[in-house]
Amino acid sequence: SGYVTLCDVELGNLSEDERARLRSQKVGFVFQDFQLLPTLTAIENVAVPLEIQGDKNATNNARDLLDKVGLGDRHDHYPSQLSGGEQQRVALARAFSNKPEILFADEPTGNLDSKTGHEIMALFDEIHSKGNTVIMVTHEEDIANMCKRIVRLRDGVIMEDKKVTQVRASQYV
């Protein structure tokens, strides 16, 4: 029982369409299995949510986001032509596209080499420094230790909840 609020809005009071609109405006998602559309190029995958929101510069903004995650030379490649790490970076660029207040990330560095993983964490630092929230699931201890707070779960039960003296990801980039 209880209620859930997101960005000071109680979700139980909203219709499904209103919840979807709130998610599209305020929330970004990075899925462990990327969820890229296989028939769209990298730039098209990132541009789709921007176009849905009516962004007249969707393609240019998608290009900038892909450049920011290090895929400036892969705009026109399809997911099947990209490595797992490159697909993850496309998914990250797409998640950043709506400038989310809250970003949920499921193993966002799991398919990346350590250097690229630290670069992605530096992007999360940048988002967080602008007042946004990043909630991430990871099994990587060094990645978790770059966060301000770590909540450890076992079988759905909180085992530990601690604040961390933060090691900035940008120190590793």
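Preceding this section is the structure that the text describes.
Bear in mind that the values here come from a model prediction, so they are computed numbers and not experimental data.

Peer 1: Please clarify how the sheet that holds strand β3 (residues 27-30) should be interpreted in this entry.
Peer 2: Through backbone hydrogen bonds, the strands of a sheet pair up, either in parallel or in antiparallel fashion. Judged by pairing direction, the sheet is parallel, and its 3 strands sit side by side in the order β3-β4-β5 without closing on themselves. At either margin of the open sheet sits one strand with a lone partner, and together these are β3 and β5 (133-137). Pairs of neighbouring strands in the sheet enclose a mean axial angle of 10°, with direction left out of account. With 4 bridges connecting them, β3 and strand β4 (residues 102-106) associate as parallel partners. If you follow Gly28 over to β4, its bridge partner there is Leu103. Along the sheet, helix α4 (residues 84-96) contacts β3 and β4; its crossing angle with β3, the most-contacted strand, is approximately 175°.

Peer 1: Sorry, what's going on with the packing of aromatic side chains here?
Peer 2: Applying the stated rule across the entire model yields 3 aromatic pairs. Plain terms: the ring middles of Phe29 and Phe104 are 5.8 Å apart, the flat faces sit at 20° to each other, and that makes the pair stacked. On the criterion of sequence distance, the pair formed by Phe29 in strand β3 and Phe104 in strand β4 is long-range, its members being 75 residues apart. When its relative accessible area of 34% is taken as the criterion, Phe29 is described as partly exposed. You can call Phe104 partly exposed: its relative accessible area is 31%. Measuring from centroid to centroid gives 6.1 Å for Phe96 and Phe124, while their planes differ by 90°, and the two rings are edge-to-face. Placement of the pair is Phe96 in helix α4 and Phe124 in helix α5 (residues 114-129), with a sequence separation of 28 residues.

Peer 1: In this structure, what is going on with the nonpolar core? I would like to understand it.
Peer 2: The nonpolar side chains of soluble globular proteins are, as a tendency, buried together. Core analysis: the biggest nonpolar cluster contains 33 residues, and Leu66, Val90, Phe96 and Phe124 have the highest contact counts within it. Breaking this core down by element, the ones donating at least two residues are α2 (42-52), α3 (58-68), α4, β4 and α5. Among the elements that line this core, the one with the most residues is α4, at 6 residues. When residues no more than four places from it in sequence are discounted, the contact partners of Val90 are Leu36, Ala42, Asn45, Val46, Leu66, Leu71 and Leu82.

Peer 1: Help me understand the packing of α2 against α3, please; the structure alone is not making it clear to me.
Peer 2: Two measures define how a pair of helices packs: the angle their axes make with one another and the distance between the axes. Contact geometry of α2 with α3 gives a least axis separation of 8 Å together with a crossing angle of 125°. Relative to α3, the element α2 is oriented oblique. For the pair α2 and α3, the crossing hand works out as right-handed. Facing Ala42, Ile43, Val46, Ala47, Leu50 and Glu51 of α2, the residues of α3 in contact are Ala58, Thr59, Asn61, Ala62, Arg63, Leu65 and Leu66.

Quick notes on the rules
Residues numbered from 1 in each chain as written. Predicted model: local features only at pLDDT ≥ 70, side-chain atom pairs only at ≥ 80, totals over all residues. Heavy atoms only, no water. Pairing = 2+ DSSP bridges. Helix = DSSP H or I, 4+ residues; strand = E, 2+ residues; numbered from the N terminus. Axes fitted to C-alpha atoms, helices over the stretch in contact; angles between N-to-C directions. Contact = heavy atoms within 4.5 Å. Phe/Tyr/Trp six-rings, centres within 6.5 Å; stacked < 30°, edge-to-face > 60°. Buried < 20%, exposed > 50% of the residue type's maximum accessible area, 1.4 Å probe, protein only. Core = buried A, V, L, I, M, F, W, Y, C linked by side-chain atoms within 4.5 Å. Parallel < 35°, antiparallel > 145°, perpendicular 65-115°, else oblique. Left-handed = near helix turned anticlockwise from the far one by under 90°.

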